[in-house]
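Residue-level structural notes
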Amino acid sequence: MIINDKLYGTFNINEPILIDLLNSKAISRLKGISMGGYYPAYPIIQSEDLNRYHHSIGVFLLLRKFNASIEEQIAGLIHDTSHSAFSHTIDYIKECENDEEQKTQSGQDDIHENFIKHSDIYEILEKHSFDISYILDDKNFPLKENNTPDICADRIDYSIRTAYAYKAINDEQKDYLINSLRIYNGSFVFKDFNSSQFFAKMFWNMDQEHWSGIKSAVMFTLSGNLFKIAIKNKYLKFADFYELSDFEIIEKIKPHINKDLELKKYYEDLHLTKENFTNNPNDYIRKIFCKLRVVDPYFITPSYELKRVSELDKDFAKQLKSINKFKEYFVSKIEK
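Attention in this report is confined to the structure presented alongside it. Quick caveat: nothing in here was measured; it's all calculated off a predicted structure.

**Focus: the packing of helix 9 (residues 153-165) against helix 11 (residues 193-211)**
In a pair of packed helices, the angle between the axes and the distance between the axes together describe the arrangement. At a minimum axis distance of 10 Å, the contact between helix 9 and helix 11 shows a crossing angle of 70°. With respect to each other, helix 9 and helix 11 are oriented roughly perpendicular. Helix-helix and strand crossings are classified by hand; for helix 9 and helix 11 the assignment is left-handed. Where helix 9 approaches helix 11, its residues Arg155, Ile156, Tyr158, Ser159, Ile160, Thr162 and Ala163 are matched on the opposing element by Phe199, Met202, Phe203, Met206 and Trp211. Class assignment for the residues of the contact of helix 9 with helix 11 results in 9 nonpolar, 2 polar and 1 charged.

**Concerning the sheet that holds strand 9 (residues 326-333)**
Within a beta sheet, neighbouring strands are joined by backbone hydrogen bonds and run either parallel or antiparallel to one another. Spatially, 3 strands are ordered 5-9-6 in an open sheet, and the strand pairing comes out antiparallel. The open sheet terminates on both sides in strands that have one partner only, identified here as strand 5 (277-279) and strand 6 (286-291). For this sheet, the mean angle separating the axes of adjacent strands, direction not counted, is 40°. Across 3 bridges, the pairing between strand 5 and strand 9 is antiparallel.

**Remarks on the packing of aromatic side chains**
According to the stated counting rule, one finds 19 aromatic pairs in the structure shown. When the centroid spacing of 5.4 Å and the interplanar angle of 85° are considered together, the rings of Tyr134 and Phe141 count as edge-to-face. By relative accessible area, Tyr134 is classed as partly exposed at 36%. Centre to centre, the rings of Phe238 and Tyr242 are 6.0 Å apart; their planes meet at 55°, and the pair counts as tilted. Given a relative accessible area of 17%, Tyr242 falls into the buried group.

Reading the values: rules and limits
- Residues numbered from 1 in each chain as written.
- Predicted model: local features only at pLDDT ≥ 70, side-chain atom pairs only at ≥ 80, totals over all residues.
- Heavy atoms only, no water.
- Axes fitted to C-alpha atoms, helices over the stretch in contact; angles between N-to-C directions.
- Helix = DSSP H or I, 4+ residues; strand = E, 2+ residues; numbered from the N terminus.
- Parallel < 35°, antiparallel > 145°, perpendicular 65-115°, else oblique.
- Left-handed = near helix turned anticlockwise from the far one by under 90°.
- Contact = heavy atoms within 4.5 Å.
- Nonpolar A, V, L, I, M, F, W, Y, C, P; charged D, E, K, R; others polar.
- Pairing = 2+ DSSP bridges.
- Phe/Tyr/Trp six-rings, centres within 6.5 Å; stacked < 30°, edge-to-face > 60°.
- Buried < 20%, exposed > 50% of the residue type's maximum accessible area, 1.4 Å probe, protein only.

Here you go:
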């Protein structure tokens, strides 16, 4: 099987286990799930370049590029299969409105093992005699996943992939970052301070502007309310988010939009830009939390030691110390 990826190039896949997984229903389903969520005012959020399938392939290929074990490549390939339609939006739909899940956006991780065991991935791993418990334990795969502020294949791929799609970095910068990666003591690091600093600042800017910014707060507020109403009024089932694609979810809602004024209000508001909304604790649609994502990657010094960006860049160190683990928003609509 030949795979072409916009970040990492062309790979020839020969291993039967990987070919079976790549052809699986669970992996193919990710083609219809956006990484960002639902915000038609910003069509790039639903861009095919930013779906969970391309990200999962990217994590797998990045691990393969750096000669990770076959088990770690598998773990990288399947790591996002438990995402619901519209990805982290699910944490803003649940009836419990659990603030902690919003702050961590952990809904997908919480169900991952159970989801895998009820998917065709489980049968494929058994067929090829792979230890499923080992594959599902992140502690075995530090290249694929680790704790912030370190970097890993997951964070590297989604940040570079998103920045590239949003044109926050160009081809030369994308290649510069990927070619500057190294493995040191079993973890991803950068080859020098300059590349490490460039990545850390790119990651910071993407988070502040997009992942935890006001745009995401508006999106999660409006789409979360939209889907909650659709579920309450039985236009959708909660289970649909784990069985249908983004497109199919919206198609199920559309026949009810003009008949349900509350549903119509949120649907139409999602076609307005973030400039139509503000953060106002005195008059708001909904209070929500957005997870903050930051990295402080290691790099290799000329004397072959490891240091973090914050050890040399004191301004960046101050930025890191100034933030919490999440942002609180009170999303309000501005009538124009």
